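What follows is each chain in one-letter form.
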Amino acid sequence: MRIAVQGFAFLFLVAGYELAHGEPAVARPLRPNIILILADDQGYGDLSCLGNQILKTPHLDRLHDQSIRLTDFHVAPMCSPTRGELLTGRDALSNGATFVCMGRSNIRSGIPTLADIFASGGYKTAIFGKWHLGDNYPYRPQDRGFQESLCHRAWGITSIADHFGNDYFNDQFLHNGQPREFHKYCTDVWFDEAMKWIRDRQSAHEPFLVYLPTNAPHWPHWVAENYRRPYAGRVTDEVAGFYGMIANLDENVGRLVSTLDETGLAKNTILVYMTDNGTSDGEQVFNAGMRGNKTSLYEGGHRVPCFIRWPGGNLGPPRDIDETTQCQDILPTLSDLAEIELPNDLMLDGQSLARLLRGGPLPDRMLVVQYGGQLRKEEAAVLWNKWRLVKGSELYDLGADPGQKANIAARHPDVVDKMRRHYDVWWARLMPAADEYCPITIGSERENPTRLTACDWAGVYCDNYFCYRLGENLNGAWHMNVEQPGTYAVSLRRWPEESGLAIAAAAPPLRGKYGSLPAGKALPIAAARLKFGLFEAEQPVGAQDQQVTFTVQLVAGPTLLSTGFFDTAGKSLCGAYYVNINRLNVRAPAKEMPGKVDSQLHLKNHL
């Protein structure tokens, strides 16, 4: 059987249709199920099977022993860029998701994802865990091919966008876009719900794609004491929590594998385990001799484990494969293994590894690792077999120098020149389009009202608790697309609605079951200002006001939205970290159109 794709229309080339009871009308190969697990901030050395002498990961060790291991596998050095590359098969600068916030964490509209492709190919698709590729339309998981979704917002629990008061154990997540409460550890929730959904798909005789990106072991390292205790006193308290989160994750992987065995699904399920960047704990932990960690362009920032297991797939025995590969290869590889033929006009930077997995060669190629909130030429690593060109001037031969200690660029000018020329062509192909922001759409029937958060301020880093709890004077603008002209209610908040806090008030400390956050600072806010396209106005803020609402007439098209909170002397204190926008049932006259939006425009041009 071969499934052909033309754009988003998939043509099933089979000899007959399935009967009403789910039995095939003609014999045909069963399509493999797909489970893709992506751990957060777990580096190459954060598994006992890869050399860590303190951490114990028996279930992942067993999966390692049963899998083909890509030992020179690369991702982006940070979270969202890897996720975008994984799900689109395109480099971060090509797909739009180049950073974790700053308005740079969305995949551009119109780019098909792994879920789009498999859903159109007849698969049921689901995500359980960390999305981090946009919290608003048209970037949410349900907008990008996932028929079932259970996720937290933004980068994780305690981020600005996350539900106020979540603590890893008693949390509210979004289930198909609607809030739902859970009262167990977050990683347990993701795996429990995924396994229930898998059993339902088996009962319905439906092939499935499960994307299981956990937020563990990302900071804050909050985990039950029984997971932390084995490491207490052997490492720092912070690392004990980090290792405890991995131990819990390992246990859940074991439960999932057991479920596949018990249900008989294991043989025809492709199970992939990988992580999203190098270890977050740097020199505090074992790093397999690599230089650098999360965020770094050196090997320790982007070389991660990748295990691929498919018992019934004729991939040969478990073994190491040492060719240089990347997360952009996963989409074409899984599509190839599932016999989904991709359209000729689909842009990909990755390539199928199916032939490599079955013992064939991989063509010679160079890869580029680059990400960032502010994109700069040469802030990249170019990979060519065992050569590494870092920042355009540092050359390393990993065959002789795996720790990247000796810059040998002066000894190999021909290699440097060839790798630089590859990068120059790559950069010229992607710029300046890579520097454009992905606007958030408002006024759509698919999301109204819309809640914006400071995570998406263009060019401004503001997505952690300390950005808003500690009273830092941060501000920024959102790039917007108004889908429908009309009258909009725009409400400015400093704290999220569920907190019940007044704009100027302090926030109580978060005291979770196994961790805490400091109290939020009170601010002498007396006025709120809004600039939205051509509209600009100011309103007073009372001591008990939780929000200030403006009524705005908007026309369709691209625009910018900026806000500000001020004291009685007019001093800027911060922006509105949360903005709720609701399109009302009144249409505005379509006469004034906003001017062309400069993607580099910042708040100072607005207030």
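Residues numbered from 1 in each chain as written. Predicted model: local features only at pLDDT ≥ 70, side-chain atom pairs only at ≥ 80, totals over all residues. Heavy atoms only, no water.

Draft legend 1. Layout of the side chain of E148. Note on placement: E148 falls in strand β7 (residues 148-152). A polar contact is formed between the side chain of E148 and the side chain of H175, at a distance of 2.7 Å. Among residues more than four places away in sequence, those in contact with E148 are T125, A126, I127, F128, H175, N176 and W197. (Helix = DSSP H or I, 4+ residues; strand = E, 2+ residues; numbered from the N terminus. Polar contact = N/O pair within 3.5 Å; in protein donor to acceptor, adjacent residues only side chain to side chain. Contact = heavy atoms within 4.5 Å.)

Draft legend 2. Molecular detail of the sheet that holds strand β3 (residues 33-39). Judged by pairing direction, the sheet is mixed, and its 10 strands sit side by side in the order β9-β8-β7-β6-β10-β3-β11-β13-β4-β14 without closing on themselves. Of all the strands in the sheet, the pair left with one neighbour each is β9 (178-182) and β14 (319-321). When the angles between neighbouring strand axes are averaged without regard to direction, this sheet yields 20 degrees. Along the sheet, helix α5 (residues 186-203) makes contact with β3, β6 (124-130), β7, β8 (171-175), β9 and β10 (208-213), crossing β10 at roughly 180 degrees. (Pairing = 2+ DSSP bridges. Axes fitted to C-alpha atoms, helices over the stretch in contact; angles between N-to-C directions.)

Draft legend 3. View of the pairing of strand β32 (residues 578-583). Extensive coverage of β32 is indicated by the burial of five of its six residues. Judged from the six bridges that link them, strand β24 (residues 486-493) and β32 form a sheet pairing that is antiparallel. Across the sheet, R493 pairs through a bridge with Y578, a residue of β32. (Buried < 20%, exposed > 50% of the residue type's maximum accessible area, 1.4 Å probe, protein only.)

Draft legend 4. Focus on the packing of aromatic side chains. Counting across every chain of the model gives 29 aromatic pairs. When the centroid spacing of 6.2 Å and the interplanar angle of 25 degrees are considered together, the rings of Y273 and F307 count as stacked. Pair noted here: Y273 is in strand β11 (residues 269-275) and F307 is in strand β13 (residues 306-309), with a separation of 34 residues, a long-range link. Like Y273, the residue F307 is buried in the burial classification. (Phe/Tyr/Trp six-rings, centres within 6.5 Å; stacked < 30°, edge-to-face > 60°.)

Draft legend 5. Broad picture of the state of the cysteines. Evaluated as defined, the whole model comprises zero disulfides. Here C186 stays free of any disulfide, with the sulfur of C151 as its closest cysteine sulfur at 13 Å. Overall, the relative accessible area of 0% leaves C186 in the buried class. Among the cysteines around C467, which has no disulfide bond, C462 carries the closest sulfur, lying 4.4 Å off. The class for C467 is buried, based on a relative accessible area of 2%. (Disulfide = S-S within 2.5 Å.)

Distances and angles like these do not, on their own, reveal function.
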